[in-house]
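Read off the chains here:
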Amino acid sequence: MTWKAPEIEPKRTLVGADERPMLQSWLDFHRQTLLGKCGGLDGEQLATHSVEPSSLSLLGLVRHLTEVERGWFRVSAAGEDIEPVYGTEDEPDADFDDLAALPAEEVFAAFHAEVDACDATVAGLSLDHVFHVPWRSDDYTLRWVYLHMIEEYARHNGHADLLRERIDGVTGSF
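Residues numbered from 1 in each chain as written. Predicted model: local features only at pLDDT ≥ 70, side-chain atom pairs only at ≥ 80, totals over all residues. Heavy atoms only, no water.

Concerning the overall build of the protein chain
As a reminder, the rule being used: What counts as a helix is a DSSP run of H or I of at least four residues, what counts as a strand is a run of E of at least two, and both are numbered from the N terminus. Computation of the radius of gyration draws on C-alpha atoms alone. For the globule rule, the value is 2.2 Å times the number of residues to the power 0.38.
When you go through the protein chain residue by residue, the secondary structure sums to six helices and two strands. Counting from the amino terminus, helix and strand elements in the protein chain follow one another as α-α-α-α-α-β-β-α. The C-alpha atoms of the protein chain give a radius of gyration of 16 Å, which matches the 16 Å a tight globule of 174 residues would have. Expressed along its principal axes, the backbone C-alpha trace of the protein chain runs to roughly 45 × 45 × 30 Å.

Following this line, the structure appears as structure tokens:
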């Protein structure tokens, strides 16, 4: 039997909550939205590129956002000394380009593991936690990272809408 991305039930965002739970709720919503756009598709469908010459695909988006989660939450905000998940110095865009490196099921497992690790890593940090990002030459707060990640997912979820529609015509809010 061919593996297919699981269908997921969307969860509502919090309303009227304190800032940290509200930010987490919106980030989780956008994480779920990306996974929802992938639901029911097999590895080949997930790896389908948008249009030539673009290498954009749903599987590439899941890989990319796994990488972005790690880079902002664990490496930048928490200062962990860990390697990227997919990219290398020689292939910085491997998250989008090297889709055959891992089966889709393993890509999704890596995404879930990274999200869990990121949430756990920053759980004890204040939203006002300040850190320096050398490759950007600026200081950032964890609050900024949450807002950036919500924006990052929202932008890529728009891409996911178009990719999913191209694959099988499915459209909608999830």
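Let's talk about the nonpolar core
The tendency in soluble globular proteins is for nonpolar side chains to be buried as a group. In plain terms, the rule: As used here, the term nonpolar core means buried Ala, Val, Leu, Ile, Met, Phe, Trp, Tyr and Cys residues forming a set that is joined through side-chain atoms within 4.5 Å. Partly exposed residues are those whose accessible area sits between 20% and 50% of the maximum for their type, while under 20% is buried and over 50% is exposed, using a 1.4 Å probe and protein chains only. Residue contacts follow a heavy-atom distance rule, with two residues in contact if any of their heavy atoms lie within 4.5 Å.
Leu46 and Phe73 are the most contacted members of the largest nonpolar core, which has 40 residues in total. Looking at this core, the elements that each hand over two or more residues are helix H1 (19-38), helix H3 (58-77), helix H5 (104-122), strand S1 (130-133) and helix H6 (142-168). At nine residues, H3 tops the list of elements feeding residues into this core. Apart from the residues within four sequence positions on either side, Leu46 is in contact with Trp3, Ala5, Cys38, Leu41, Ser57, Leu58, Leu59, Ala104 and Phe108.

Notes on the pattern of salt bridges
Selection criterion: Basic side-chain nitrogens of Lys or Arg form a salt bridge, by our definition, when they fall within 4 Å of a carboxyl oxygen of Asp or Glu.
Evaluated as defined, the whole model comprises twelve salt bridges. Between Arg74 and Glu114 there is a salt bridge whose closest N-O contact spans 2.9 Å. Of this pair, Arg74 sits in helix H3 while Glu114 sits in helix H5, placing them 40 residues apart in sequence. On the accessibility criterion, Arg74 (13% relative accessible area) is buried. Residue Glu152 is joined to Arg155 by a salt bridge in which the shortest nitrogen-to-oxygen separation is 2.9 Å. In this pair, Glu152 and Arg155 both sit in helix H6, three residues apart, roughly one turn of the helix. Taking relative accessible area as the criterion, Glu152 reaches 6% and is therefore assigned buried. Its relative accessible area of 39% is what places Arg155 among the partly exposed residues. Each of Asp28, Arg31, Glu69 and Asp119 takes part in a single network of salt bridges with overlapping partners.

Some remarks on the pairing of S1
Strand residues, when the strand is regular, have side chains that alternate between the two faces of the sheet. This is how the line gets drawn: Only strands that DSSP links by at least two bridges are regarded as paired with each other.
Covered by surrounding structure in S1 are Phe131 and Val133 only, the residues Val130 and His132 on the alternate face being uncovered. Direction of pairing for S1 relative to strand S2 (residues 138-141): antiparallel, over a ladder of four bridges. Bridge pairing links Val133 to Asp138 in S2. Remark: four residues form the turn of the hairpin made by S1 and S2, two consecutive strands paired antiparallel; Ser137 in that turn has positive phi of roughly 60°.

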